[in-house]
Amino acid sequence: METIIALASSLGLATATGLNAYLPLLTVSVLSRLGLIQLSEPFDLLAHPITMVVLAVLAIIDFIGDKVPAVDSVLHIIGLVISPIAGAIVALAAAQDVVAIHPAVVAVAAIIAAAGTQSARASIRPAVTAATGGTANSFLSFLEDALSFVLSLLAIFLPILALIIALVLAFVAYRFIRGAVRVWREANLRRNGVSRVP
């Protein structure tokens, strides 16, 4: 059971980094600094004051920049690289004391979870921008930030619930992207004079 909880915590945190790469790291950093969680080496560096300041600055830049049109697109492209790395780091920090899970397995699972979430996020945003003329981007960005923070806390304190939420998010993102692709294909076919999708 301890192994399942650790894996759920790791995947919950990794999914949260797909929504915001820096908030889960900062959350773990602050909670460790407050003594609410214990990090072993080398992950105890997350609780170092300099690391905390750097993470806080990056989180603020990302929080503001993601609400600015065009800047958010650049941040999403950068996030395709940063989020999986952050996901692996925070997942390994969460699963560090569980010897039943090989660190490579945790890292690969975290990279997949973070990259998948970030990719879904980067795919959904243009559709929302096109549908609303960009007016919903700030709200969606704030929702992603809030969800990332809440999911980070749940992954640490209620990991099974965090894993369930992460799976629900994956399903919703899959359905949304699948629907968006279908609409896009139908629009292209109509533009080319074809009446329906085969």
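Placed above this text is the structure.
Please read these numbers as outputs of a predicted model, since none were measured by experiment. Numbering of residues starts from 1 in each chain and follows the order in which that chain's sequence is written. In view of the model being predicted, local features appear only for residues whose pLDDT reaches at least 70, and side-chain atom pairs are presented and counted only at 80 or more, with totals across whole chains, interfaces and linings using the full set of residues. Excluded from the side-chain calculation are hydrogens and water; included are all heavy atoms of the structure.

Visitor: Looking at this structure, how should I read the packing of helix α2 (residues 23-33) against helix α6 (residues 137-157)?
Guide: Angle between the axes and distance between the axes are the two parameters that describe a pair of packed helices. Axes here mean lines fitted to C-alpha atoms, for a helix over just the part in contact, with angles spanning 0 to 180 degrees between N-to-C directions. Helix numbers and strand numbers start at the N terminus; a helix is a DSSP run of H or I with at least 4 residues, a strand a run of E with at least 2. Two elements in contact, α2 and α6, have axes whose closest approach is 9 Å; the angle formed by their N-to-C orientations is 45°. As summarised for this structure, α2 and α6 are arranged oblique, according to the angle between their axes. In the packing of α2 onto α6, the handedness of the crossing is right-handed. Every residue of α6 that contacts α2 at Leu23, Pro24, Thr27, Val28 and Leu31 is listed here: Asp145, Ser148, Phe149, Ser152, Leu153, Ile156 and Phe157. Side-chain classes follow a simple rule in which Ala, Val, Leu, Ile, Met, Phe, Trp, Tyr, Cys and Pro form the nonpolar group, Asp, Glu, Lys and Arg form the charged group, and the remainder, Gly included, forms the polar group. Residue composition of the contact of α2 with α6, grouped by class: 8 nonpolar, 3 polar and 1 charged. Throughout, the term roughly parallel applies to angles under 35 degrees, roughly antiparallel to angles over 145, roughly perpendicular to angles from 65 to 115, and oblique to all others. Take the far helix as your reference; a near helix turned counterclockwise from it by less than a right angle gives a left-handed crossing, and one turned clockwise gives a right-handed crossing. Whether two residues touch is decided by their heavy atoms; if any such pair falls within 4.5 Å, the residues are in contact.

Visitor: Where do I start with the side chain of Thr15 in this structure?
Guide: Positionally, Thr15 belongs in helix α1 (residues 2-19). Overall, Thr15 belongs to the buried group, its relative accessible area being 6%. A simple rule labels every residue: compare its accessible area, found with a 1.4 Å probe on the protein chains alone, to the largest value its type can have, and call it buried under 20%, exposed over 50%, or partly exposed in between.

Visitor: Could you clarify how one ought to interpret the layout of surface pockets in this entry?
Guide: Empty pockets left among the atoms are what a rolling probe the size of a water molecule brings to light. Think of a 1 Å grid over the protein atoms and nothing else: a 1.4 Å probe that fits but is trapped marks a cavity, an open set flanked by protein within 12 Å on at least five of seven lines marks a pocket, and residues with an atom within 4 Å of a point count as lining. Grid points are joined across faces, edges and corners, and a volume is the space filled by probe spheres set on the points. Looking at the largest pocket, its volume works out to about 520 Å³. Counting residues per element, the ones that place at least two in the lining of the largest pocket are α1, α5 (103-132), α6 and α7 (159-191). Classifying every residue of the lining of the largest pocket by side-chain character gives 20 nonpolar, 3 polar and 2 charged.

Visitor: What am I meant to see in the packing of α1 against α5 here?
Guide: At a minimum axis distance of 7 Å, the contact between α1 and α5 shows a crossing angle of 30°. Crossing geometry of α1 relative to α5 is assigned as right-handed. On α5, the residues touching Ser10, Leu11, Ala14, Thr15, Thr17, Gly18 and Leu19 of α1 are Val106, Ala109, Ala110, Ala113, Ala114, Thr117, Gln118 and Arg121. Here the residues of the contact of α1 with α5 sort into 8 nonpolar, 6 polar and 1 charged.

Visitor: Looking at this model, I keep getting lost on the packing of aromatic side chains. Mind explaining?
Guide: The geometry of an aromatic ring pair is captured by two quantities: the separation of the ring centres and the angle between the planes. Note on aromatic contacts: the rings of Phe and Tyr and the six-membered ring of Trp form a pair at centre separations within 6.5 Å, being stacked when their planes are under 30 degrees apart, edge-to-face when over 60 apart, and tilted otherwise. Inspection of every chain in the model, using the stated rule, returns 1 aromatic pair. Relative to Phe142, the ring of Phe63 lies with its centre 6.5 Å away and its plane at 75°, an arrangement referred to as edge-to-face. Here Phe63, found in helix α3 (residues 49-65), pairs with Phe142, found in helix α6; they are 79 residues apart in sequence, far enough to count as distant. Looking at Phe63, the relative accessible area reads 34%, which means it is partly exposed. Put simply, a charge is over a ring when the Lys NZ or the Arg CZ is close to the ring centre, within 6 Å, and near the line of the ring normal, within 35 degrees. Directly above the aromatic system of Phe63 lies the positively charged group of Lys67, at a separation of 3.7 Å from the ring centroid.

Visitor: Would you explain the nonpolar core in this entry?
Guide: In summary, soluble globular proteins display a tendency toward joint burial of nonpolar side chains. Remark: nonpolar core denotes a set of buried residues (Ala, Val, Leu, Ile, Met, Phe, Trp, Tyr, Cys) joined through side-chain atoms within 4.5 Å. Leu13, Leu25, Val28, Ile37, Leu39, Leu46 and Ile156 are the most contacted members of the largest nonpolar core, which has 22 residues in total. When residues of this core are traced back to their parent elements, those giving at least two are α1, α2, α3, α4 (71-94) and α6. Core analysis: the next-biggest nonpolar cluster, separate from the first, contains 8 residues, Ala14, Ile101, Ala110 and Ala113 among them.

Visitor: It is not clear to me how α5 should be interpreted in this structure. Could you clarify?
Guide: Residue pairs spaced three or four apart in an α-helix point in one direction, given the helix's 3.6 residues per turn. Expected helix span is computed as 1.5 Å times (number of residues minus one). A rise of 1.5 Å per residue sets the reference length of α5, with its 30 residues, at 44 Å; its end C-alpha atoms lie 43 Å apart and thus fit the reference within 8%. Turning to α5, its buried residues number three or more, namely Val106, Ala107, Ala110, Ala113, Ala114, Thr117, Gln118, Ala120, Arg121, Ile124, Arg125 and Val128. Gly133 lies just past α5 and shows a positive phi near 70°.

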